[in-house]
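Below are the chains, spelled out letter by letter.
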Amino acid sequence: MPKISERAQHMPASPVRKLVPYALQAKQKGIKVYHLNIGQPDIETPKSALDAVKNNDLKIFEYALSEGNLNYRTALNNYYHSLGFTDLTTDNFIVTNGGSEALNFAISTLCDDGDEVIIPEPYYANYNGFASTFNVNVVAVSSTIETGFALPPVEDFEKKITDKTRAILICNPGNPTGYLYTREELQKLADIAAKHDIVIISDEVYREYVYDGKQQISMFEFPEIAENCIIIDSESKRYSMCGVRIGFMVTRSKKIHDAAMLFAQARLSPVLLGQIAAAAAHENDSEYILKVRAEYTHRRNVLVDLLNGIPGVICPKPKGAFYCAVELPVDDTDKFAQWLLESYSNNNETIMVAPMSGFYSDPELGKKQVRIAYVLKEEDLRRSVELLSDALEKYKLEFNL
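Just so it is clear, the model here is predicted, and its values are computed rather than measured.

Rules used throughout
Residues numbered from 1 in each chain as written. Predicted model: local features only at pLDDT ≥ 70, side-chain atom pairs only at ≥ 80, totals over all residues. Heavy atoms only, no water. Helix = DSSP H or I, 4+ residues; strand = E, 2+ residues; numbered from the N terminus. Rg over C-alpha atoms; globule rule 2.2 N^0.38 Å. Buried < 20%, exposed > 50% of the residue type's maximum accessible area, 1.4 Å probe, protein only. Contact = heavy atoms within 4.5 Å. Areas by Shrake-Rupley, 256 points an atom, 1.4 Å probe, with all protein chains shown as cover. Lys, Arg positive; Asp, Glu negative; His and termini not counted. Charge placed at Lys NZ, Arg CZ, Asp CG, Glu CD. Axes fitted to C-alpha atoms, helices over the stretch in contact; angles between N-to-C directions. Parallel < 35°, antiparallel > 145°, perpendicular 65-115°, else oblique. Left-handed = near helix turned anticlockwise from the far one by under 90°. Nonpolar A, V, L, I, M, F, W, Y, C, P; charged D, E, K, R; others polar. UniProt positions renumbered as here; feature names shortened; annotations may be inferred. Core = buried A, V, L, I, M, F, W, Y, C linked by side-chain atoms within 4.5 Å. Pairing = 2+ DSSP bridges. Polar contact = N/O pair within 3.5 Å; in protein donor to acceptor, adjacent residues only side chain to side chain.

**Notes on the overall build of the protein**
A tally of helices and strands in the protein yields 13 helices and 12 strands. What you see for the protein is a C-alpha radius of gyration of 21 Å, in line with the 21 Å of a compact globule of 401 residues. Projected onto the principal axes, the alpha-carbon positions of the protein cover approximately 60 × 60 × 55 Å. Relative to its full complement of 401 residues, the protein shows a buried share of 56%. Sequence separation of at least 24 residues holds for 76% of the intrachain contacts in the protein that already meet a minimum separation of 6. Counting only carbon and sulfur atoms, one obtains 51% of the accessible surface of the protein, whose full area is about 17500 Å². Computing the positive centroid from 42 side-chain charges and the negative centroid from 54, the protein places the two 3 Å apart.

**Points about the packing of helix H3 (residues 47-54) against helix H10 (residues 272-281)**
Viewed as axis vectors pointing N to C, H3 and H10 meet at an angle of 140°, and their least axial separation amounts to 7 Å. For the element pair H3 / H10, the angle class is oblique. In the crossing of H3 with H10, the sense of the turn from one axis to the other is right-handed. Note on element contacts: H10 touches H3 through Leu273, Ile276, Ala277, Ala280 and Ala281, opposite Ser48, Ala49, Ala52 and Val53. Residue composition of the contact of H3 with H10, by class: 8 nonpolar, 1 polar and no charged.

**Thoughts on the UniProt feature "domain: Aminotransferase class I/classII large" (unreviewed entry) in the protein**
Annotation from UniProt places "domain: Aminotransferase class I/classII large" (unreviewed entry) at residues 33-386. Counted over residues 33-386, helix gives 36% and strand 16%. Its end C-alpha atoms are 13 Å apart.

**Quick notes on the environment of Asn172**
Positionally, Asn172 belongs in the loop between strand E5 (165-171) and helix H8 (183-196). In this structure, the C-alpha to C-alpha distance between Asn172 and Val139, residues 33 residues apart in sequence, is 18 Å. Sequence-distant contacts of Asn172, that is, excluding residues within four places in its chain, are made with Tyr179, Leu180, Tyr181, Leu186, Asp203, Glu204, Gln216 and Ile217.

**Overview of the environment of Leu103**
Among the structural elements, Leu103 can be located in helix H5 (residues 98-110). Linking Leu103 and Asp203, residues 100 residues apart in sequence, is a C-alpha distance of 8.3 Å. The residues contacting Leu103, other than those within four sequence positions of it, are Tyr127, Phe130, Leu169, Ile201, Asp203 and Ile232.

**Comments concerning the nonpolar core**
The tendency in soluble globular proteins is for nonpolar side chains to be buried side by side. Ranked by size, the top nonpolar core spans 131 residues in total, and within it Tyr80, Met219, Leu307 and Phe336 carry the most contacts. If sequence neighbours within four positions are ignored, Tyr80 has contacts with Phe85, Leu88, Phe93, Arg207, Phe220, Ile231, Asp233, Phe248 and Val250.

**Structural notes on the sheet that holds strand E11 (residues 354-355)**
Ordered in space as E9-E12-E11, the 3 strands form an open sheet in which the pairing is antiparallel. On the outer flanks of this sheet lie strand E9 (323-327) and E11, each paired with one strand and no other. Note that E9 and strand E12 (residues 369-373) share 5 bridges and pair antiparallel. Bridge pairing links Cys324 to Ile372 in E12.

**Regarding the side chain of Glu235**
Structurally, the position occupied by Glu235 is in the loop between strand E7 (229-234) and strand E8 (247-251). Taking the relative accessible area as the measure of exposure, Glu235 reaches 0% and is therefore buried. Within the local environment of Glu235, its side chain forms a polar contact with the side chain of Tyr72, the two groups lying 2.6 Å apart. Other than its neighbours up to four places away in sequence, Glu235 contacts Tyr72, Leu76, Ser240, Met241, Ile246, Phe248, Ala278 and His282.

Right, dumping it as structure tokens:
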């Protein structure tokens, strides 16, 4: 029998995807599954992006440049200039196969075996996987549902910093919580990074989708960490084009950029057609973004109000992204989520949620929480909450809760 590496054996399972086999089995039995578990919007991709792929006149699908083709990096540079970062040039960008690869580049550029990255939790579960791949230790600083998942006290970060600390990784607005960090909170992180000469890795892929008149503050707005900041970005959520696998990392640090480029060259190149689609999406996109933001705002309002109307359910109102972190009156959400797919249906329908045990360093902290994505139309969200309410009652009876 082949030997499996220690790295593979310690690779954490995705809490978002580990229940997929159960969902497939439910569908094979004729049950409709409402997917609240994954950030795959039902919003249409911009027509400009679709047309750019359909109507291209390429004769050869050749390798792209390792750093990304110039026409797409020019579109990104123009986009970041529109955000106010006019000092950037196309040389500050490295195009990647999704935001995931950008995070891999950032971690592998900064960290050696045994080094540490501090992350406020709950956090995007795949951060664990990225860190594990490079034998990097995640050091969590816990936020709580009682505060709506606000940034933990700065003293909690200071206590975690050691000589192995290389970076603080944040997601803003947050996945899985939808929390939007304030300028004051981000200033505290910038001060810590400057004081200890560590890097802030800021995952800003949900930048456009913030609500109630608020605005996302980028870590690029803090000049004291100009050389100690990496922005992770992606087109997946911005333009509902998850399948094109186009993301990018941006840094003002030439030292970090040049080191990351070695990893970019080693994997050859990012997706050619994805860059063509993404470049086209950036052209005159303001109307699209405004329309989608309004739709997510409406979905959020409907979902949060309905969830908080279920006895025992707690759901803070997210300020950004398109996720809710929800506390349920159950004993174990991993068990409950599997039960929903294996044993429950109402009129041949059920829901799929993401248990949040995998979004924490200590799974017990997420034992009663799930992440719900409001990426479905209002009608489907309303039906999903009906199913959740009914399922909770039946689950409590079945397990005597």
